[in-house]
Amino acid sequence: MRITAILTLAALGVGATVSGCAVVPEPQEVEIEEVVIAPPVPVCYEVAELQKVEVPAETKTVFGVSVIENPPYEPITQRTEQKIIVKQAEVFYVTVNPQTGNQTEVTNFCDSNIQTGRVGPAEGELAGPPVPVE
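Remember, predicted model here, so these are calculated numbers, not experimental data. (Residues numbered from 1 in each chain as written. Predicted model: local features only at pLDDT ≥ 70, side-chain atom pairs only at ≥ 80, totals over all residues. Heavy atoms only, no water.)

Mind laying out the overall build of the chain, listing which residues take part and the relevant values?
Per the secondary structure count, the chain includes 1 helix and 7 strands. The buried share among the 134 residues of the chain stands at 10%. Within the chain, contacts between residues at least 6 apart in sequence are counted, and of these 68% link residues at least 24 apart. Surface accessibility of the chain: about 11,600 Å² in total, with carbon and sulfur atoms responsible for 58%. (Helix = DSSP H or I, 4+ residues; strand = E, 2+ residues; numbered from the N terminus. Buried < 20%, exposed > 50% of the residue type's maximum accessible area, 1.4 Å probe, protein only. Contact = heavy atoms within 4.5 Å. Areas by Shrake-Rupley, 256 points an atom, 1.4 Å probe, with all protein chains shown as cover.)

Structure, rendered in structure tokens:
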């Protein structure tokens, strides 16, 4: 039994020695890509440098009929047309990439008084006075 154990250990030692003699591949040349440095992004934007985008409000038209009793004469009837805001108007500013034409919305303005986002009458409000219809 001792001889079997010694032969087994010897076989393992030879196997480990042979497997340790693997061929090391030669180093390959690594291609280094040129680094392109992007222009710095401004901390804030002047409005004159940007393109203003205005999305108009969506409205729906409703009609109303007013009847005023006027005895002993005929009632006075007036039909009016009214526009109601369904989707509020929006305003925002973008920069345009001259190479691709892609637009990027800008929110950091140098002037803090720039109004963006939803503007004008809110959803459900009237868009102007009623207009009489004949």
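How would you summarise the packing of aromatic side chains if you had to cite specific residues and measurements?
Per the stated rule, a full pass over the model turns up 1 aromatic pair. Seen in terms of ring centroids, Tyr-93 and Phe-109 are 5.5 Å apart; in terms of plane orientation they differ by 75°. Their pairing is edge-to-face. Of this pair, Tyr-93 sits in strand 4 (residues 89-96) while Phe-109 sits in the loop between strand 5 (103-106) and strand 6 (117-119), placing them 16 residues apart in sequence. Classification of Phe-109 by relative accessible area gives buried; the value is 15%. A cation over a ring is seen here: Arg-79 above Phe-63, with NZ or CZ 4.8 Å from the ring centre. (Phe/Tyr/Trp six-rings, centres within 6.5 Å; stacked < 30°, edge-to-face > 60°. Lys NZ or Arg CZ within 6 Å of the ring centre and 35° of its normal.)

So what about the pattern of salt bridges? Which residues, and what values?
Per the counting criterion, the structure on display carries 2 salt bridges. A salt bridge links Arg-118 to Glu-123, with the shortest nitrogen-to-oxygen separation between them at 3.4 Å. (Salt bridge = Lys/Arg side-chain N within 4 Å of Asp/Glu carboxyl O.)

I'd love a proper account of the layout of surface pockets, names of residues and values included.
Its boundaries defined by the atoms lining it, the largest pocket holds a volume of some 180 Å³. Tyr-45, Thr-95, Val-96, Asn-97, Pro-98, Asn-102 and Thr-104 together form the lining of the largest pocket. Of the residues in the lining of the largest pocket, the class split is 3 nonpolar, 4 polar and no charged. (1 Å grid on protein atoms, 1.4 Å probe; cavity = no way out; pocket = protein on both sides within 12 Å on 5 of 7 lines; lining within 4 Å. Points joined across faces, edges and corners; volume = space filled by probe spheres on them. Nonpolar A, V, L, I, M, F, W, Y, C, P; charged D, E, K, R; others polar.)

Could you give me a rundown of the nonpolar core, with the residues and numbers involved?
Nonpolar side chains in soluble globular proteins tend to end up buried together. Listed in full, the 8 residues of the largest apolar core are Tyr-45, Leu-50, Ala-89, Val-91, Tyr-93, Val-106, Phe-109 and Val-119. Once residues within four sequence positions are removed from consideration, Val-91 is found in contact with Lys-52, Val-53, Glu-54, Gln-115, Thr-116, Gly-117 and Val-119. (Core = buried A, V, L, I, M, F, W, Y, C linked by side-chain atoms within 4.5 Å.)

Quick one: what's the story with the sheet that holds strand 7 (residues 131-133), residue by residue and with numbers?
An order of 2-3-7 is seen for the 3 strands of this open sheet, with the pairing classed as antiparallel. Every interior strand has two partners, whereas the edge strands, strand 2 (58-68) and strand 7, have only one. Geometrically, the sheet is characterised by an average inter-axis angle of 35° between neighbouring strands, direction not taken into account. Bridge count for strand 2 against strand 3 (residues 76-87) is 11 bridges, and the pairing is antiparallel. Counterpart to Glu-58 in the pairing with strand 3 is Lys-87. (Pairing = 2+ DSSP bridges. Axes fitted to C-alpha atoms, helices over the stretch in contact; angles between N-to-C directions.)

Describe unusual backbone geometry, naming the residues involved and giving the relevant values.
Negative phi characterises most residues that are not glycine, and trans characterises most peptide bonds. That bond from Pro-71 to Pro-72 is cis: its omega, 0°, falls within 30 degrees of zero. Note on placement: Pro-72 falls in the loop between strand 2 and strand 3.

Pulling in residues and values, what's your account of the side chain of Gln-82?
As for its placement among the helices and strands, Gln-82 is situated in strand 3. Looking at Gln-82, its side chain comes within polar contact range of the main-chain oxygen of Gly-128, at 2.6 Å. (Polar contact = N/O pair within 3.5 Å; in protein donor to acceptor, adjacent residues only side chain to side chain.)

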